[in-house]
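# Structural overview
Below are the chains, spelled out letter by letter.
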Amino acid sequence: MPVSPALPAVSVQALRARVKRPAVLVLQAATLLALVGGTVGWGLTEKTVQLSVDGQVREVSLHGDTVSDVLDEAGLEVGEHDLLAPSVDTAVTEGATVALRRGRELRLVVDGVERSVWVTAASVAEALDQIGLGDRRAFLSASRSRSIGLEGLSLEVRLPKDVDILVDGKVKEI
């Protein structure tokens, strides 16, 4: 019968250490894989959306799913006189476009009558078109190209009038 060579003496502690080492390595590898996978997964959920605020377009990157999330990421709130498209609860996808037009108060005196209206226009001409006073012959107290800030604008408007004149017994309309 052959004699087996003598096995080196190994302590129980050394054996446990050798067994634990692969377990620790497997645990560390699993943790690293989870971190890398989670980071990659998180990165894959990011989307870029075009946000137009009063005609000024910028890109917003976010991990959210709705227009509300886009606005939160951009630090914007929608006021009661603002116009938002699409609505806050609409889902957004990569490359989507969200448009916000902020409301501005236009304090008008039209032919001597005061009134206040809210518009989402950025200029006097656009505002007058929105409220149906876009007649180019109207006299205005401000340039049509003047911008309207978020604080609003006061404006006097005098609309052209038709006048009948009697000349040599004949009525002439001007």
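Residues numbered from 1 in each chain as written. Predicted model: local features only at pLDDT ≥ 70, side-chain atom pairs only at ≥ 80, totals over all residues. Heavy atoms only, no water.

Glancing now at the nonpolar core. If you look at the biggest cluster of nonpolar residues, it comprises 17 residues, and the most contacted ones within it are L106, L108, V124, L128, L140, L155 and V157. Listed by contribution, the elements that provide at least two residues to this core are β5 (104–110), β6 (113–119), α3 (124–130) and β8 (153–158). Apart from the residues within four sequence positions on either side, V124 is in contact with L140, S143, R144, R146, I148, L153 and L155. Counting 14 residues, the second-largest nonpolar core is a separate cluster that includes V49, L84, V92 and L100. (Core = buried A, V, L, I, M, F, W, Y, C linked by side-chain atoms within 4.5 Å. Buried < 20%, exposed > 50% of the residue type's maximum accessible area, 1.4 Å probe, protein only. Helix = DSSP H or I, 4+ residues; strand = E, 2+ residues; numbered from the N terminus. Contact = heavy atoms within 4.5 Å.)

A grouping of E46, E59, D72, E73, E77 and E94 is seen on the molecular surface, where their side chains present a negatively charged patch. As for its position among the elements, E46 is in the loop between α1 (12–44) and β1 (47–53). (Patch = residues over 30% accessible without salt bridge, like charges linked within 9 Å, V, L, I, M, F, W, Y side chains within 5 Å. Areas by Shrake-Rupley, 256 points an atom, 1.4 Å probe, with all protein chains shown as cover. Salt bridge = Lys/Arg side-chain N within 4 Å of Asp/Glu carboxyl O. Lys, Arg positive; Asp, Glu negative; His and termini not counted. Charge placed at Lys NZ, Arg CZ, Asp CG, Glu CD.)

A complete count under the given rule lists eight salt bridges for this structure. K47 serves as the salt-bridge partner of D65, at 3.3 Å between the closest nitrogen and oxygen. A residue pair is termed long-range when its members are at least 10 positions apart, and D65 in the loop between β2 (56–62) and α2 (67–74) and K47 in strand β1 qualify at 18 residues. A relative accessible area of 11% means that K47 is categorised as buried. Residue R136 pairs with D129 through a salt bridge whose shortest N-O separation is 3.7 Å. Take D129: its relative accessible area is 44%, and that puts it in the partly exposed class. One network of salt bridges, in which partners are shared, links D54, R102 and R104.

Another aspect to go through is the confidence of the model for the protein. On average, residues of the protein carry a pLDDT of 85, and 75% of them reach 70 or more. Element-level mean pLDDT values for the protein span from 59 in α1 up to 97 in β6. (pLDDT = per-residue confidence, 0-100.)

Take T48: it is sitting in strand β1. For T48, the side chain forms a polar contact with the side chain of S61, separated by 3.4 Å. Excluding residues that lie within four positions of it along the chain, T48 makes contacts with E59, V60, S61, T93, E94, G95 and A96. (Polar contact = N/O pair within 3.5 Å; in protein donor to acceptor, adjacent residues only side chain to side chain.)

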